[in-house]
Amino acid sequence: MSIVDLSSEINRRRTFAIISHPDAGKTTLTEKLLLYGGAIHLAGSVKSRKAQRHAVSDWMEIEKQRGISVTSSVMQFDYDGFRINILDTPGHQDFSEDTYRTLMAVDSAVMIIDVAKGVEAQTKKLFKVCKQRGIPIFTFVNKLDRFGKNPFELMEEIEKVLEIRAYPMNWPIGIDGDYKGVYNRQKAQIELFEEAGSRGQKVLPSVLGSVDDPAFAEMLGENIHKALCDDIELLDMAGDTFDLEKVAQGELTPMFFGSAMTNFGVRNFLEEFLRLAPPPADRKSSVGMVETKNEKFSAFVFKIQANMNPAHRDRLAFIRICSGKFTRGMTVVHEKSGKTLKLAQPQQFLAQDRTIIDEAFPGDIVGLFDPGVFSIGDTICEPGQSLVFEDFPVFPPEQFARVQAKDTMKRKQFVKGITQLTQEGAVQLFKQADGGMESCIIGTVGSLQFDVLEYRLKHEYGVDILMHHLPYELARWMHGTNVKPASLRGADRGMFVYDVKDRPVLLVANEWALRWVADNNPSIEFLVAPPDKQPE
Ligand code: G4P
């Protein structure tokens, strides 16, 4: 393949995740985007999948039982010459490290905010990971068909809580949260909801026009029209100027107002997003930056999905392609083990449907059958190169439990299971100084990971476990000379443990307890990640 062809494939790709707090409208917006791409034909398809998943899915039993998505899915579709990869980030109780890791594989993120609720807890968490990676973030303020907060207030909230400047691309028209439509700042154009009450699958009719058009002034009424003109003037004078470089650095977020459910402002959002969002970026590796247009294929594993088909015990490794062209049946080297692998049955996804693919390019996500060699963060490349992509950060766990085998005779299987699941990145493992592996401490970022652990130990290793949840929410890696339980003042205010690399970690219930211990041990640093993996 020529460099030109490869570059044009790369440049038309947009790989992103949608991040939001549950109920802000992620499913609805995703579905509307898929509709525009022609990937689905009827609104409600994604939703009904959500509801009927137990009937159609062959994924983990646990997923069927709880009717939830255990891992993020990947959706690919085309729009206007672009090839779009949307990576789903699960929320609610299915929040897990997978949710965070997905963000390692995207080039930008769309943050959805409910116009009435503003920035919510989970959005904040996910946003933080995007910010640390410095990826561009686009904001979609949703549910404009409903009563909502003042847009200036929302901008201020985003700037204060998330510490990113916001540039409104359009602006809601209306007074006191009762919105009539939006004003497009680039086109100086007004778009109004024609009537309320059209919900669900239909596109809400709208009318377009200029802000100076007297007919619109009349339609809006004097008060609303004046309020809009005042707002626009204020934005133009006091607001940030649009700077694509700042967007690319993750310092400025283009902000769109709309309503996913009624389809209001969604197409405009999609088109602007595609125009402004970056194509796949070069990536840091052990031998410097790897350029996407490097003709030799390289990729990294960002997620491992076990037992998608319990009958076959298969494991699927999701890779994000970083450079070159992927072709079915190609031979690659797994850098960590040095093994050579033939990639015979690569899969791509649209929601839950899997299809075998023949080729893929940087920015694309491919699912590979895992012969048991892959771990999260692993690099694979075409022979003839030797490089390793930068390792994933450690995400500090927030929930902890002491876990042991119910039947002590099953100790061996228990240790094997825990060790393998830890390597795979399903959970994080800690030990107490005097404790062996018979009873270990498991850390997770979401409660679902405990359920997955319990299920998989039972079904894959034949071990029933006893789980005792611990009252801690924070883990801090302790950095200093000779940090020992006996020499730490206030060690009894939390739990002194070691991670898998024997680095000392303190688990505590809250910030207050942490502060007490930190104040009383001034020679020790308390870090949110291991000393060698500190966020930049
Ligand atoms: P999530 O994936 O982020 O959790 O949110 P989801 O899309 O499931 O949306 C949550 C609820 O908000 C849904 O209502 C959905 O219809 C509604 N919603 C999404 N976008 C808009 C919008 O632009 N305007 C209004 N008014 N509502 C919106 P639900 O009652 O939970 O589900 P359903 O019965 O409508 O399917």
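Placed above this text is the structure.
Residues numbered from 1 in each chain as written. Predicted model: local features only at pLDDT ≥ 70, side-chain atom pairs only at ≥ 80, totals over all residues. Heavy atoms only, no water.

Here we come to the pattern of salt bridges. Applying the stated criterion across every chain yields a total of 25 salt bridges. Across the salt bridge formed by Asp240 and Arg165, the nearest N and O atoms sit 2.9 Å from each other. On the criterion of sequence distance, the pair formed by Asp240 in the loop between helix 9 (222-238) and helix 10 (244-248) and Arg165 in strand 6 (residues 165-168) is long-range, its members being 75 residues apart. Looking at Arg165, the relative accessible area reads 41%, which means it is partly exposed. Note that Arg275 and Glu272 form a salt bridge whose closest N and O atoms lie 2.8 Å from each other. Of this pair, Arg275 and Glu272 both sit in helix 11 (residues 266-276), 3 residues apart, which is roughly one turn of that helix. Residue class for Glu272 comes out buried when judged on its relative accessible area of 14%. A single salt-bridge network, built from bridges that share partners, covers Glu9, Arg12, Arg13 and Asp364. (Salt bridge = Lys/Arg side-chain N within 4 Å of Asp/Glu carboxyl O. Helix = DSSP H or I, 4+ residues; strand = E, 2+ residues; numbered from the N terminus. Buried < 20%, exposed > 50% of the residue type's maximum accessible area, 1.4 Å probe, protein only.)

Another point: the sheet that holds strand 5 (residues 137-142). Spatial ordering of the open sheet is given by 2-3-1-4-5-11-6, a layout of 7 strands whose pairing is mixed. Unpaired on one side and paired on the other, strand 2 (74-79) and strand 6 mark the two borders of the sheet. Neighbour to neighbour, the strand axes of the sheet diverge by 30° on average, direction disregarded. Here strand 1 (residues 13-20) pairs with strand 3 (residues 82-88) via 6 bridges, running parallel. (Pairing = 2+ DSSP bridges. Axes fitted to C-alpha atoms, helices over the stretch in contact; angles between N-to-C directions.)

Time to look at the sheet that holds strand 30 (residues 504-508). Note on sheets: strands pair through backbone hydrogen bonds, and any given pair is parallel or antiparallel. Across the sheet, 8 strands lie side by side as 27-24-26-25-29-30-28-31; this open sheet has antiparallel pairing. Strands at the two margins of the open sheet, each flanked by one partner only, are strand 27 (465-470) and strand 31 (525-527). Direction aside, neighbouring strands of the sheet carry axes that sit 40° apart on average. As paired strands, strand 28 (residues 474-479) and strand 31 are joined by 3 bridges and run antiparallel to one another. When the bridges of strand 31 are listed, Met478 appears paired with Phe526. Of the strands in this sheet, strand 24 (399-405), strand 26 (439-444) and strand 27 are in contact with helix 13 (residues 448-461), which crosses strand 27 at around 165°. (Contact = heavy atoms within 4.5 Å.)

Before going further, it helps to spend a moment on the packing of helix 12 (residues 411-424) against helix 13. In contact at an axis separation of 10 Å, helix 12 and helix 13 are set at 125° when each is read in the N-to-C sense. With respect to helix 13, the element helix 12 is oriented oblique. As for the relative orientation of helix 12 and helix 13, their crossing is right-handed in sense. Side by side, helix 12 and helix 13 meet where Gln413, Phe414, Lys416, Gly417, Ile418, Gln420, Leu421 and Glu424 of the first sit next to Leu453, Arg456, Leu457 and Tyr461 of the second. In terms of residue class, the contact of helix 12 with helix 13 is built from 6 nonpolar, 3 polar and 3 charged. (Parallel < 35°, antiparallel > 145°, perpendicular 65-115°, else oblique. Left-handed = near helix turned anticlockwise from the far one by under 90°. Nonpolar A, V, L, I, M, F, W, Y, C, P; charged D, E, K, R; others polar.)

Our next topic: the state of the cysteines. In the structure shown here, the tally under the stated rule is 0 disulfides. Between Cys381, a free cysteine, and Cys322, which holds the nearest cysteine sulfur, the sulfur-to-sulfur gap is 9.5 Å. For Cys381, a relative accessible area of 0% translates into the label buried. (Disulfide = S-S within 2.5 Å.)

Right, let's talk about unusual backbone geometry for a bit. Although it is not a glycine, Lys143 sits at a positive phi angle of roughly 70°. Its location among the elements puts Lys143 in the loop between strand 5 and helix 7 (151-161). For Lys143, a relative accessible area of 16% gives the class buried. The backbone phi angle of Glu163 is positive, close to 55°, even though this residue is not glycine. Summarising the element assignment, Glu163 is placed in the loop between helix 7 and strand 6.

Next up on the list: the packing of helix 2 (residues 26-36) against helix 11. Interhelical geometry of helix 2 versus helix 11 gives an angle of 75° and a closest axis separation of 10 Å. Classified by the angle their axes make, helix 2 and helix 11 are roughly perpendicular. Seen from helix 2, the contacting residues are Leu29, Lys32, Leu33 and Tyr36; seen from helix 11, they are Val266, Arg267, Phe269 and Leu270. The residue inventory of the contact of helix 2 with helix 11, partitioned by class, reads 6 nonpolar, no polar and 2 charged.

Before going further, it helps to spend a moment on the packing of aromatic side chains. Per the stated rule, a full pass over the model turns up 17 aromatic pairs. Members of the aromatic cluster, connected to one another through ring pairs, are Phe16, Phe138, Phe140, Phe256, Phe269 and Phe273. Above the ring of Phe318, the side-chain terminus of Lys303 is found at 4.0 Å from the ring centroid. (Phe/Tyr/Trp six-rings, centres within 6.5 Å; stacked < 30°, edge-to-face > 60°. Lys NZ or Arg CZ within 6 Å of the ring centre and 35° of its normal.)

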